[in-house]
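This is what each chain is made of:
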Amino acid sequence: MIATSKVKAVIGTGITGLSVARFLAAQGQAFILLDTRSNPPNLEKVQQEFPNVTVVCGELDVNTLLACDEIIVSPGIAIATPAIEQASAAGIPVVGDIELFVRYPKAPFVAITGSNAKSTVTTLVGEMAKAAGINVAVGGNLGTPALELLSDAVELYVMELSSFQLETVTKLNAKVATILNISADHLDRYENMRAYILAKL
């Protein structure tokens, strides 16, 4: 079953989820907001900013997800969550904010990941671009969420990307991508080291 309702499910009301909601609202796309916590920290802000958007808190309901045509998951939410897995198995695309981001930029972007030092290298590359006189936007997992950086004025994007962000990307389309290093990390989220490495790759 593939839903055709053209309503998107945004899971997570943190910094990334809010950036996705603002982006979709600006695009005129219908969406609902969900958070696995019964009382997420940004709930009041979300309700003020999106008074006409349905907000659902607590355990994810698979039927709610099946009524949407795309699920946009924040990095803090495991895609192995049963309701998300069931919706994905039913044919509903499960993506993250980076997958949305790569559909839109007119300028090239550099993608930087690794278990360690990615913030340092991302910042350094951004400073190098500035020194070269390039109108650069730096963010992603570091600082400003990717979707909030989108602008026709930007000449280069430099993005720090985590494994959680990368695992929901189908095609990165980066001009340059690098994996700085890989060491055991996030094994509470990944089944084993191989799964973590695959997310980075």
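For every chain, the first residue of its written sequence is number 1, and the numbers climb from 1 along that sequence. Given that this is a predicted model, residues contribute local features only at a pLDDT of at least 70 and side-chain atom pairs are listed and counted only at 80 or more, while totals for whole chains, interfaces and linings are drawn from all residues. Water and hydrogen atoms were dropped before computing side-chain values, which therefore reflect all heavy atoms in the structure.

### Considering the pairing of strand S6 (residues 109–113)
Categorising residues by exposure relies on relative accessible area from a 1.4 Å probe, with only protein chains included: less than 20% of the type maximum marks a residue as buried, more than 50% marks it as exposed, and the intermediate range marks it as partly exposed. Each helix corresponds to a stretch of at least 4 residues labelled H or I by DSSP, and each strand to a stretch of at least 2 residues labelled E; elements are numbered beginning at the N terminus. The buried fraction of S6 is high, at five of five residues. Burial of the side chains of S6 extends over both faces: Phe109, Ala111 and Thr113 are buried on one face and Val110 and Ile112 on the other. Two strands qualify as a pair provided DSSP detects at least 2 bridges between them. Examined bridge by bridge, S6 and strand S8 (residues 156–160) share four bridges and lie parallel to one another. Bridged to Ile112 within S8 is Glu160. Direction of pairing for S6 relative to strand S9 (residues 176–179): parallel, over a ladder of four bridges. Paired with Val110 across the two strands is Val176, which belongs to S9.

### A word on the pattern of salt bridges
Throughout this description, the term salt bridge denotes a Lys or Arg side-chain nitrogen within 4 Å of a carboxyl oxygen of Asp or Glu. Throughout the structure, instances matching the rule amount to nine salt bridges. For Arg22, the salt bridge goes to Glu148, with nearest N and O atoms at 3.3 Å. Linking Arg22 in helix H1 (residues 15–27) with Glu148 in the loop between strand S7 (136–140) and S8, this pair joins segments that are 126 residues apart in sequence. Here Arg103 makes a salt bridge to Glu99, at a shortest N to O gap of 3.9 Å. With relative accessibility at 43%, the residue Arg103 sits in the partly exposed group. Residues participating in the shared-partner salt-bridge network are Lys8, Asp69, Glu70, Glu99 and Arg103.

### Considerations on the side chain of Glu160
In this fold, Glu160 is placed in strand S8. His is not counted, nor are the chain ends, whereas Lys and Arg count as positive and Asp and Glu as negative. For the buried Glu160, no salt bridge exists, and the shortest N-O distance to an oppositely charged side chain is 4.5 Å, to Lys118. A distance of 2.7 Å separates polar atoms of two side chains, one belonging to Glu160 and the other to Ser119. Only heavy atoms enter the contact rule, under which two residues are in contact if any of them lie within 4.5 Å. When sequence neighbours within four positions are dropped, the list of residues in contact with Glu160 reads Ile112, Lys118, Ser119, Thr122, Gly139, Gly140, Asn141, Leu142 and Gln165. The term polar contact refers here to a pair of N or O atoms within 3.5 Å; inside protein, the definition further demands a hydrogen-donor-capable atom paired with an acceptor-capable atom, and it admits residues adjacent in sequence only when both atoms are side-chain atoms.

### Observations regarding the confidence of the model for the protein
Considering every residue of the protein, the mean pLDDT works out to 90; 96% of them sit at 70 or more. What pLDDT expresses is the predictor's confidence in each residue, scored from 0 to 100. By mean pLDDT, the top-scoring element of the protein is S8 (97), and the lowest-scoring one is helix H8 (residues 193–200) (77). Confidence over residues 1–5 falls short of pLDDT 50; this stretch has 14 contacts with residues more than four positions distant or in other chains.

### Quick word on the state of the cysteines
Two cysteine sulfur atoms make up a disulfide if the distance between them is within 2.5 Å. Tallied over the entire structure, the rule returns zero disulfides. Summary of cysteine pairing: Cys57 is not part of a disulfide, and the nearest cysteine sulfur, belonging to Cys68, is at 15 Å. The exposure class assigned to Cys68 is buried, which follows from its relative accessible area of 2%.

### Some details on the nonpolar core
To qualify as a nonpolar core, a set must consist of buried Ala, Val, Leu, Ile, Met, Phe, Trp, Tyr and Cys residues joined through side-chain atoms within 4.5 Å. Grouped together as the largest cluster of nonpolar side chains are 30 residues, with contacts concentrated most on Phe31, Leu33, Phe50, Phe101, Tyr157 and Met159. Counting residues per element, this core draws most heavily on H1, at five residues. Apart from residues no more than four positions distant in its own chain, Met159 is found in contact with Ile98, Phe101, Phe109, Val110, Ala111, Ile112, Thr122, Gly139, Gly140, Ala146 and Leu149.

### Section: a nonpolar patch on the surface
Patch definition: residues above 30% relative accessible area lacking any salt bridge, with like charges linked at up to 9 Å and the nonpolar side chains Val, Leu, Ile, Met, Phe, Trp and Tyr linked at up to 5 Å. For accessible areas, the Shrake-Rupley method is used with a probe of radius 1.4 Å. Any residue's cover is judged against the shown protein chains and nothing else. The grouping of Ile179, Ile182, Leu198 and Leu201 at the surface amounts to a nonpolar patch, some 360 Å² of accessible area in total. Mapped onto the fold, Leu201 is located in the segment after H8. Its relative accessible area of 70% is what places Leu201 among the exposed residues.

### Side note on the sheet that holds strand S1 (residues 7–11)
Either a parallel or an antiparallel arrangement is found when strands of a sheet pair, and the pairing is made through backbone hydrogen bonds. One open sheet holds the five strands; their spatial order is S3-S2-S1-S4-S5, and the pairing between them is parallel. Each edge of the open sheet carries a strand with a single partner, namely strand S3 (55–57) and strand S5 (94–95). When strand S2 (residues 30–35) meets S3, the two strands line up parallel, connected through three bridges. Directly across from Asp35, in S3, lies its bridge partner Cys57. Of the strands in this sheet, S1, S2 and strand S4 (70–73) touch H1, which is tilted by about 170 degrees from S2. Each axis is a line fitted through C-alpha atoms, and for a helix only the stretch in contact is used; angles between axes span 0 to 180 degrees, taken between their N-to-C directions.

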